[in-house]
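Listed below, chain by chain, are the residues.
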Amino acid sequence: MANKKSTKYIFVVGGVMSGVGKGVTTASIAKILQSKGFKVSVLKADPYLNVDAGTMNPTEHGEVFVLDSGLECDQDMGNYERFLDVSLPEDNYMTNGMIFKHVIDKERALGYKGKCVEPIYHITEEILRRIKTSAQKTNAEITLIEIGGTIGEYQNAIFIEAARVLRIKNIKDVMTVMVSYLPVPQTIGEMKTKPTQNAVRQLNSYGVTPDLIIARSSYPLDAKRKDKIADSTGIEAKDVISAPDIESIYDVPINFENDALSTRILSHFGLRPRQKDLKEWRAMVAKMKKADKPVKIAIVGKYFDTGDFILSDAYISVIEAIKFSSYGIGVKPDIHWLSSKDFESDDKKLSNLKDYDGIIVPGGFGETGIEGKINVIQYARENKIPYFGLCYGMQLMVIEYARHVLGIETAHTVEIDPDTPNPVIDIMPDQKKKLAEKDYGGSMRLGGYQALLKKGTIAYKAYGKGEIRERHRHRYEVNPEYIEKLSSRDLIFSGVSPDGTLMEIAELPTKIHPFFLGVQFHPEFLARPLSPHPLFSAFIKASLGRSTKNKS
Ligand code: GLN
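Residues numbered from 1 in each chain as written. Predicted model: local features only at pLDDT ≥ 70, side-chain atom pairs only at ≥ 80, totals over all residues. Heavy atoms only, no water.

Draft legend 1. Spatial organisation of the overall build of the protein chain. Scanning the protein chain for helices and strands turns up 20 helices and 21 strands. The C-alpha atoms of the protein chain give 25 Å as radius of gyration, which agrees with the globular expectation for 552 residues (24 Å, within 12%). Projected onto its principal axes, the C-alpha coordinates of the protein chain cover approximately 75 × 65 × 50 Å. Every one of the 552 residues in the protein chain was classed for burial, and the buried ones make up 58%. For the protein chain, the accessible area works out to roughly 23400 Å², and carbon and sulfur atoms hold 50% of it. Treating the 74 positive side-chain charges of the protein chain as one cloud and the 70 negative ones as another, the clouds have centres 6 Å apart. (Helix = DSSP H or I, 4+ residues; strand = E, 2+ residues; numbered from the N terminus. Rg over C-alpha atoms; globule rule 2.2 N^0.38 Å. Buried < 20%, exposed > 50% of the residue type's maximum accessible area, 1.4 Å probe, protein only. Areas by Shrake-Rupley, 256 points an atom, 1.4 Å probe, with all protein chains shown as cover. Lys, Arg positive; Asp, Glu negative; His and termini not counted. Charge placed at Lys NZ, Arg CZ, Asp CG, Glu CD.)

Draft legend 2. Broad picture of the site of the ligand. Every residue lining the ligand is accounted for by G363, G364, F365, C391, Y392, Q395, E415, R473, H474, R475, Y476 and H522. A distance of 3.1 Å separates a nitrogen atom of the ligand from a polar atom in the side chain of H522. Contact with the protein chains covers 99% of the free accessible surface of the ligand, which is 290 Å². Among the elements of the structure, helix 16 (392-404) and strand 17 (467-474) are those that each provide at least two residues to the shell around the ligand. Counted by class, the shell around the ligand contains 4 nonpolar, 5 polar and 3 charged residues. (Near = heavy atom within 4 Å. Polar contact = N/O pair within 3.5 Å; in protein donor to acceptor, adjacent residues only side chain to side chain. Nonpolar A, V, L, I, M, F, W, Y, C, P; charged D, E, K, R; others polar.)

Draft legend 3. Here's a closer look at the packing of helix 4 (residues 96-108) against helix 5 (residues 119-137). The geometry of helix 4 relative to helix 5 is characterised by a closest axis approach of 10 Å and an angle of 115° between their N-to-C directions. Judged on the interaxial angle alone, helix 5 and helix 4 are roughly perpendicular. Here the hand of the crossing between helix 4 and helix 5 comes out right-handed. On helix 5, the residues that touch M98, I99, F100, H102 and V103 of helix 4 are H122, I123, E126, I127, R129 and R130. Considering only residue class, the contact of helix 4 with helix 5 consists of 6 nonpolar, 2 polar and 3 charged. (Axes fitted to C-alpha atoms, helices over the stretch in contact; angles between N-to-C directions. Parallel < 35°, antiparallel > 145°, perpendicular 65-115°, else oblique. Left-handed = near helix turned anticlockwise from the far one by under 90°. Contact = heavy atoms within 4.5 Å.)

Draft legend 4. Structural context of the packing of helix 1 (residues 22-35) against helix 10 (residues 261-269). Where helix 1 contacts helix 10, the two axes come as close as 10 Å, and the packing angle between them is 75°. Judged on the interaxial angle alone, helix 10 and helix 1 are roughly perpendicular. Contacts between helix 1 and helix 10 pair I29, I32 and L33 from the former with L261, S262, I265 and L266 from the latter. Looking at the contact of helix 1 with helix 10, its residues break down into 6 nonpolar, 1 polar and no charged.

Draft legend 5. Expanded view of unusual backbone geometry. For K113, which is not glycine, the phi torsion reads 50° and is therefore positive. Along the chain, K113 turns up in the loop between helix 4 and helix 5. Its identity is not glycine, yet K384 carries a phi of approximately 55°, on the positive side. Mapped onto the elements, K384 comes out in the loop between helix 15 (370-382) and strand 13 (387-390). Here K384 falls in the partly exposed class, since its relative accessible area comes to 44%.

Draft legend 6. View of the pattern of salt bridges. What the rule picks out here adds up to 30 salt bridges. K137 is the partner of D91 in a salt bridge, and the nearest nitrogen-oxygen pair spans 3.3 Å. Pair noted here: D91 is in the loop between helix 3 (76-84) and strand 5 (93-95) and K137 is in helix 5, with a separation of 46 residues, a long-range link. In this structure K137 comes out as exposed when scored by relative accessible area, which is 57%. Among the salt bridges present, the one from K323 reaches E320, with a minimum N-O distance of 3.2 Å. You can see K323 and its partner E320 sitting in helix 13 (residues 316-328), 3 residues apart, about one turn around the helix. Here K323 falls in the partly exposed class, since its relative accessible area comes to 25%. A relative accessible area of 5% places E320 in the buried class. Salt bridges sharing partners connect three or more residues here, namely K22, K44, D46, D74, D76 and E146. (Salt bridge = Lys/Arg side-chain N within 4 Å of Asp/Glu carboxyl O.)

Draft legend 7. Representation of the packing of aromatic side chains. Within the structure shown, the criterion is met by 11 aromatic pairs. Between F65 and F525, the ring centres sit 4.8 Å apart and the planes meet at 65°, which makes this aromatic pair edge-to-face. Of this pair, F65 sits in strand 3 (residues 65-66) while F525 sits in the loop between strand 21 (516-519) and helix 20 (534-551); the two residues are 460 residues apart in sequence, bridging distant segments of the chain. Both residues of the pair, F65 and F525, count as buried. With a centroid separation of 5.5 Å and 40° between ring planes, the pair formed by Y387 and F516 is classed as tilted. Within this pair, whereas Y387 is found in strand 13, its partner F516 is found in strand 21, the two being separated by 129 residues in sequence. (Phe/Tyr/Trp six-rings, centres within 6.5 Å; stacked < 30°, edge-to-face > 60°.)

Draft legend 8. Just the nonpolar core, in detail. With 123 residues, the main nonpolar core has I10 and F388 as its most contacted residues. Core analysis: the next-biggest nonpolar cluster, separate from the first, contains 45 residues, A380, V398, Y401 and I408 among them. (Core = buried A, V, L, I, M, F, W, Y, C linked by side-chain atoms within 4.5 Å.)

Draft legend 9. Fine view of the side chain of E524. Relative to the helices and strands, E524 resides in the loop between strand 21 and helix 20. No salt bridge is formed by the buried E524; the nearest opposite charge belongs to R82, separated by 8.8 Å. If sequence neighbours within four positions are ignored, E524 has contacts with S317, V318, A321, L390 and F536.

Draft legend 10. How the structure looks around the pairing of strand 6 (residues 142-150). Buried residues dominate strand 6, accounting for 8 of its 9 residues. Here strand 1 (residues 8-14) pairs with strand 6 via 6 bridges, running parallel. Pairing of K8 across the sheet is with I142, part of strand 6. Sheet topology note: the strand 2 (residues 40-46)/strand 6 ladder contains 6 bridges and is parallel. Bridge assignment links L43 to a residue of strand 6, and that residue is I145. (Pairing = 2+ DSSP bridges.)

Draft legend 11. Quick peek at the UniProt feature "domain: CTP synthase N-terminal" (unreviewed entry) in the protein chain. Summarizing the sequence annotation, UniProt attributes the feature "domain: CTP synthase N-terminal" (unreviewed entry) to residues 8-271 in the numbering used throughout. Secondary structure content for residues 8-271 is 42% helix and 19% strand, and the end C-alpha separation is 10 Å. (UniProt positions renumbered as here; feature names shortened; annotations may be inferred.)

Draft legend 12. Fine view of the sheet that holds strand 7 (residues 174-181). With parallel pairing, the 7 strands of this open sheet are ordered in space as 5-2-6-1-7-8-9. The strands lining the two open edges of the sheet, one partner per strand, are strand 5 and strand 9 (240-244). Each adjacent strand pair in this sheet contributes to an overall mean axis angle of 20°, direction not counted. Across 6 bridges, the pairing between strand 1 and strand 7 is parallel. The partner of V12 across the bridge, within strand 7, is V177. The strands that helix 4 touches are strand 2 and strand 5; relative to strand 5, the one it contacts most, it runs at about 75°. In the packing of helix 5 onto the sheet, contacts are made with strand 1, strand 2, strand 5 and strand 6, and the angle to strand 1 comes to roughly 125°.

Okay, structure coming up:
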């Protein structure tokens, strides 16, 4: 068991600019330390005033990731869980909003006993309390804390101050890593170190000197650049780590290890590696690279209007889940983004769906493109194209089935039509109350819940067991009053809540359709590179079956 006294902390801060992979860098450092036999945990400190990420628009902020506890947080938490293959507790995520709210609520309740409550000391004290609580709860020997944003922003300064305070008190147990960026302007054709030099100076002005610089760039750093940074900052050249752009984020831990980064960190802490291997990880990355047989998957959704960059960020866990399952069975995913709006009135576009091996409708909210999604689902069902519905994708699958197979033409969800005569998808009673009170933050059915599976179904076969736990984020559900009618023909509710009231998985038997399955939860949140999600794997296998058939 980790000795409380010996807990080591690594703060990861961003220099120069955002969007250079600080989250992946943090997850990768955590991974290589874990591979040396240490118990590692990762926290994210986000500068927003939002109390959690649940109220943030995914097109602006990227995916809202949900922890088992139900906390809605930044997508980086997903990277940490995927890289480390662990479930992190909610203590591992904090925002300025969460910290300030806690301190202000405590002040209002006279928790500070008449003291003057100030950002520095009371906010930093609360930040450090959370970091230490998390280290204790996760029993971590090494805890990494990624500070969101970039040095120089007022809003993350308080987190850096907390890092400084912790370091002063435990100088040997705290490290600071700066993830910087070195541009290579096209007109000059040379890698420039000045922004990194300035970022280090700025960090120095907070009273913090980085122990390591991870130098992100399009190209590897040469000795000259490392020396230049070393000369101007006082950091040794060997502590400037080159981190050039690479094909896959899963290469990052391997590249870091090729540079013996973990040895440098462990020796700083006076620790010795307990084991030496990233063996499984290396094998997984090798398998990823070897896969060449394509499986063509369409994702039909609505958050597609702001360009590819935002799009893939909004569905990062879904994309990664598809990748893990595809690579796991040795095939290469060929993912296509289709806007649901295009399928609202264009039958020709619908018939183009024949070209895909499998179709996914992921989670979503609101009306945009909804009839297009329903048309796509109908096409997939009638043409026996493997279909996997995630959350909204399951609700719409049930609506499609009710309308076109059971003849309930007006079947709908009350999310879109509150007065529908046939609310097959209805608001959950708890959620109704919260909406009426305009209580939107953290107000959905969130986090991990158990479900029981019916024997002989696709779901049961995929999981290989009768009880599962999956993460949720929704307000609506299959209306209990329609279950009998919905189950009157072929549709099976193969997963239900332990009390039998909530329908968690719906599917058609394989004798009718190769794979037509929807889940009320988000399986993508539990997909990990070293343990792909069984339902995604079953879907990819079914899609592969179609792909093979198409070619023969
Ligand atoms: N909008 C639906 C609901 O709230 C589905 C949510 C989702 O797909 N995450 O129930």
